[in-house]
Amino acid sequence: TAGTYPLPEAQLDRFFMRISMGYPSREEEVRILAGYHTRQTAVKLEAVVDAQAICALQRQVETILCAPAVMDYIVAIAEATRSLADVLVGVSPRGSLALMQAARGCAMLAGRTYVLPDDVQRMVYPVLGHRLIMRTRAGLYKQTPANILQAVLSTVPVPSVQ
């Protein structure tokens, strides 16, 4: 797009997650069109949570246990991305930290006080995908960050956590 530039890898690494919202369904898009009257259409947003609730959730996530075996699994995933032929820059320690935090949040949302390898796997794509800098030749072989992460998950042994 004219006037936009890709962010440098150091800046990409500071984004916690990359989530694609996709397109609305046909019905949703029709509702969007029907609700649009003018460019001045007032948007009335109401807060769904306040600052204190967010701080309380952040403190609660910090209490979620991540066992050493799961931490080792996270590091093994990160390390595996650093030595692949199609990857120029793999996952940094900042990415490992983000993956652990996201997995803790995932566990909390599931009602658990501990992280499972499944939580880590669920968060790998949104947390690590944008952190991989691919080599130019990767496109020739149709390699994408998602393909790379899928291959990594299929090769890194999953720990048994009890």
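Refer to the structure above for everything that follows.
The notes below deal with the structure included here. (Residues numbered from 1 in each chain as written. Predicted model: local features only at pLDDT ≥ 70, side-chain atom pairs only at ≥ 80, totals over all residues. Heavy atoms only, no water.)

Brief notes about the overall build of the chain
Per the secondary structure count, the chain includes 7 helices and 2 strands. Looking at the chain as a whole, 31% of its 162 residues are labelled buried. Sequence separation of at least 24 residues holds for 75% of the intrachain contacts in the chain that already meet a minimum separation of 6. For the chain, the computed accessible surface area is about 11500 Å², with 59% contributed by carbon and sulfur atoms. (Helix = DSSP H or I, 4+ residues; strand = E, 2+ residues; numbered from the N terminus. Buried < 20%, exposed > 50% of the residue type's maximum accessible area, 1.4 Å probe, protein only. Contact = heavy atoms within 4.5 Å. Areas by Shrake-Rupley, 256 points an atom, 1.4 Å probe, with all protein chains shown as cover.)

Considerations on the packing of aromatic side chains
Overall, the coordinates contain 0 aromatic pairs when judged by the stated rule. R112 extends its terminal NZ or CZ atom over the ring of Y114, reaching a point 5.7 Å from the ring centre. (Phe/Tyr/Trp six-rings, centres within 6.5 Å; stacked < 30°, edge-to-face > 60°. Lys NZ or Arg CZ within 6 Å of the ring centre and 35° of its normal.)

Some thoughts on the packing of helix 5 (residues 93-109) against helix 6 (residues 117-128)
Two elements in contact, helix 5 and helix 6, have axes whose closest approach is 8 Å; the angle formed by their N-to-C orientations is 130°. Here helix 5 lies oblique to helix 6, going by the angle between them. The handedness of the crossing between helix 5 and helix 6 is right-handed. From helix 5, G95, A98, L99, A102, A103, C106 and A107 reach across to helix 6, where they touch D119, V120, R122, M123, V124, V127 and L128. Here the residues of the contact of helix 5 with helix 6 sort into 11 nonpolar, 1 polar and 2 charged. (Axes fitted to C-alpha atoms, helices over the stretch in contact; angles between N-to-C directions. Parallel < 35°, antiparallel > 145°, perpendicular 65-115°, else oblique. Left-handed = near helix turned anticlockwise from the far one by under 90°. Nonpolar A, V, L, I, M, F, W, Y, C, P; charged D, E, K, R; others polar.)

A word on the layout of surface pockets
The computed volume of the largest pocket comes to approximately 220 Å³. Every residue lining the largest pocket is listed: I54, L57, Q58, V61, E62, Q101, G105, M108 and L109. Elements with a contribution of two residues or more to the lining of the largest pocket: helix 3 (51-62) and helix 5. The element best represented in the lining of the largest pocket is helix 3, accounting for 5 residues. (1 Å grid on protein atoms, 1.4 Å probe; cavity = no way out; pocket = protein on both sides within 12 Å on 5 of 7 lines; lining within 4 Å. Points joined across faces, edges and corners; volume = space filled by probe spheres on them.)

Focus: the pattern of salt bridges
Throughout the structure, instances matching the rule amount to 2 salt bridges. Notably, a salt bridge pairs R112 with D119, separated by 2.7 Å at the nearest N-O pair. On the basis of relative accessibility, which here comes to 17%, the residue R112 falls in the buried class. One salt bridge connects D119 with R122, and the closest N-O pair in it is separated by 3.6 Å. Of the two residues, D119 and R122 are both situated in helix 6; the distance of 3 residues between them amounts to about one turn of the helix. Accessibility expressed as a relative area gives 0% for D119, which makes it buried. With relative accessibility at 48%, the residue R122 sits in the partly exposed group. (Salt bridge = Lys/Arg side-chain N within 4 Å of Asp/Glu carboxyl O.)

Everything listed here is a matter of geometry and, on its own, says nothing about what the molecule does.
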